[in-house]
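Take a look at the letters that make up each chain.
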Amino acid sequence: MLNKSPRIKRDPAPKSEEGKQPVRKQSTKDRKEKVHKGVMIVVVIIGCLAMLLSVTAMACSGVLNQVANPNEYNLTGGVAAKVKGVNITEDTITKQIMSVRKAYGYGSEKSWAQYLVDNGLTPESYREQTINSYAEQYLQQAAISEYDVTVSDEEVEEAWNNACESAGGEDAFVEQLTSYGYTEDTYKESLRNSLATDKLKETVAPVDDPTDEDIMSYLNENLDTYNDARRSSNLLISVASDATDEEKEEAKNKAQEVLDKINSGELSFEDAVEQYSDDTGSKEDGGDVGWDKLTSFVTEYQDALSNLQKDQVSGIVETTYGYHIIKCTDYFHVDGEVSSLDGVPQEIQDYISNVVKSQEESTAYDAWWEDYKEKADIEINPMPEDVPYNVSLDGIEPSTGSAQ
């Protein structure tokens, strides 16, 4: 995971309420997908570890209930695998697989068999994947303990607050988590684990900060991605989503009046932002919303910005948030290759430095992790024939458009 530079404008979720960062684009669907991924992390990290019988019981209220439901199918007992001498029970694996089947609607044997075939799996290989996931999560926790990695409550709270901001506020985020059956406490446990994993990577696979040459090399290899970047400031006259035509017209007229004052020289763009902008998220920074190559804007905003030169001010730009006046405050362009970082904006340098360092950390950590797993000697026992997810795949053909 990339280290976040405070100079880099990232993608907080837009908010429909007046005066709350409306420029950057992130749909409700996108936010829910991100929350869903976070929820799946909770299942794997907290649920898996909690059900390892030889591991100290963990505080994960609300998660175990989602993966343990033995009344709907028969359990076989026994040991599925051992990792560092710790038993992973067969019932633990069965409960996890059956909960996945239920969650994704593969309750019938036919639908489950079809899913397996479409993804190039068998009951045995799916079981092995699940065991490996549990084993890796246990090993990760073992390594965190072994290397004395700790995460403070303050660090967890900071990560929680960042997640809430990205989701549109704490109330909205908690509501989304609740819709998936999770709580603030279970999600904070996943955050704690994620932060601990980051610290583990820094401990076992430290890398130096990228040099100027490293940054220039990466930038030249990816120049099409960053070339012609524009930095902008935004003045917004907001319009509520349920506004009447009359209210919309009134807001548009107000935006035009402000634009006329800017164009006539009566007000500077920055003074106009301070007096009139409803975008409180950028207002204190003179309307600055960062570089378009380092974030994402709604289409109408981006289209208008792409047609501006440095110091040029747009006309009235309408989006679902209201009416914008945009000023292009900086422009980055290189002909040929970058031979010096002197002309590269600091925010872009910082961003690329984070990307390069993250890639190097991942490479180093992956090598360490493979060695650590190999030394752990994970032993997987044969699959019992009577586990409830063991279905016949005879006669099942891959669906059209499947992975096969």
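Note that the coordinates shown come from a computational prediction; the quantities given were computed from them, not determined experimentally.

Trainee: Describe the environment of P210, and please don't skip the residues or the numbers.
Mentor: Mapped onto the elements, P210 comes out in the loop between α8 (184-204) and α9 (212-221). For the pair P210 and S358, spaced 148 residues apart in sequence, the C-alpha to C-alpha distance is 10.0 Å. Leave out the neighbours within four places in its chain, and P210 touches I215, S353, V356 and K357.

Trainee: Mind laying out the sheet that holds strand β2 (residues 86-89), listing which residues take part and the relevant values?
Mentor: Spatially, three strands are ordered β2-β1-β7 in an open sheet, and the strand pairing comes out antiparallel. If you trace the sheet from one side to the other, it starts and ends with β2 and β7 (379-380), each paired once. Of the pairings in the sheet, the one linking strand β1 (residues 79-83) to β2 comprises four bridges and is antiparallel in character. Residue A81 lies in a different strand from β2, and its bridge partner there is I88. Sheet strands touched by helix α3 (residues 90-103): β1 and β2. Its angle to β2, the strand with the most contacts, is close to 45 degrees.

Trainee: Just give me the short version of the packing of helix α5 (residues 123-146) against helix α15 (residues 346-376), but keep the residues and values in it.
Mentor: Across the interface, α5 lies against α15 with an axial gap of 11 Å and an inter-helix angle of 105 degrees. Regarding the angle of α5 to α15, the classification is roughly perpendicular. Along the contact surface, α5 presents E136, L139, Q140, A142, A143 and E146, while α15 presents Y365, W368, W369, Y372, K373 and A376. The class makeup of the residues in the contact of α5 with α15 is eight nonpolar, one polar and three charged.

Trainee: Hey, could you go over the confidence of the model for the protein chain for me, with residue numbers and the actual values?
Mentor: Summary statistics for the protein chain give a mean pLDDT of 83 and a share of 81% for residues scoring 70 or more. Note that residues 1-22 has pLDDT below 50 and, in this model, 81 contacts with residues that lie over four places away or in other chains. Counting interchain partners and residues more than four positions distant, the pLDDT-below-50 stretch residues 25-70 has 94 contacts.

Trainee: How would you sum up the sheet that holds strand β5 (residues 317-319)? Please name residues and give values.
Mentor: One open sheet holds the four strands; their spatial order is β4-β3-β6-β5, and the pairing between them is antiparallel. Whereas interior strands pair on both sides, the edge strands pair on one side only; in this sheet they are β4 (288-291) and β5. For this sheet, the mean angle separating the axes of adjacent strands, direction not counted, is 35 degrees. Running at roughly 35 degrees to strand β6 (residues 322-332), helix α11 (residues 245-264) makes contact with β3 (229-238) and β6 of the sheet.

Trainee: Residues and numbers for the pattern of salt bridges, please.
Mentor: Applying the stated criterion across every chain yields a total of 14 salt bridges. Linking D288 and R231 is a salt bridge whose minimum nitrogen-to-oxygen distance equals 2.9 Å. Note that D288 is positioned in strand β4 and R231 in strand β3, a separation of 57 residues in sequence. Pair check on accessibility: D288 and R231 agree, each one buried. The partner of E370 in a salt bridge is K373, and the shortest N-O contact between them spans 3.3 Å. With E370 and K373 both in helix α15 and three residues apart, this pair spans about one turn of that helix. By relative accessible area, which is 45% here, E370 ends up partly exposed.

Reading the values: rules and limits
- Residues numbered from 1 in each chain as written.
- Predicted model: local features only at pLDDT ≥ 70, side-chain atom pairs only at ≥ 80, totals over all residues.
- Heavy atoms only, no water.
- Helix = DSSP H or I, 4+ residues; strand = E, 2+ residues; numbered from the N terminus.
- Contact = heavy atoms within 4.5 Å.
- Pairing = 2+ DSSP bridges.
- Axes fitted to C-alpha atoms, helices over the stretch in contact; angles between N-to-C directions.
- Parallel < 35°, antiparallel > 145°, perpendicular 65-115°, else oblique.
- Nonpolar A, V, L, I, M, F, W, Y, C, P; charged D, E, K, R; others polar.
- pLDDT = per-residue confidence, 0-100.
- Salt bridge = Lys/Arg side-chain N within 4 Å of Asp/Glu carboxyl O.
- Buried < 20%, exposed > 50% of the residue type's maximum accessible area, 1.4 Å probe, protein only.

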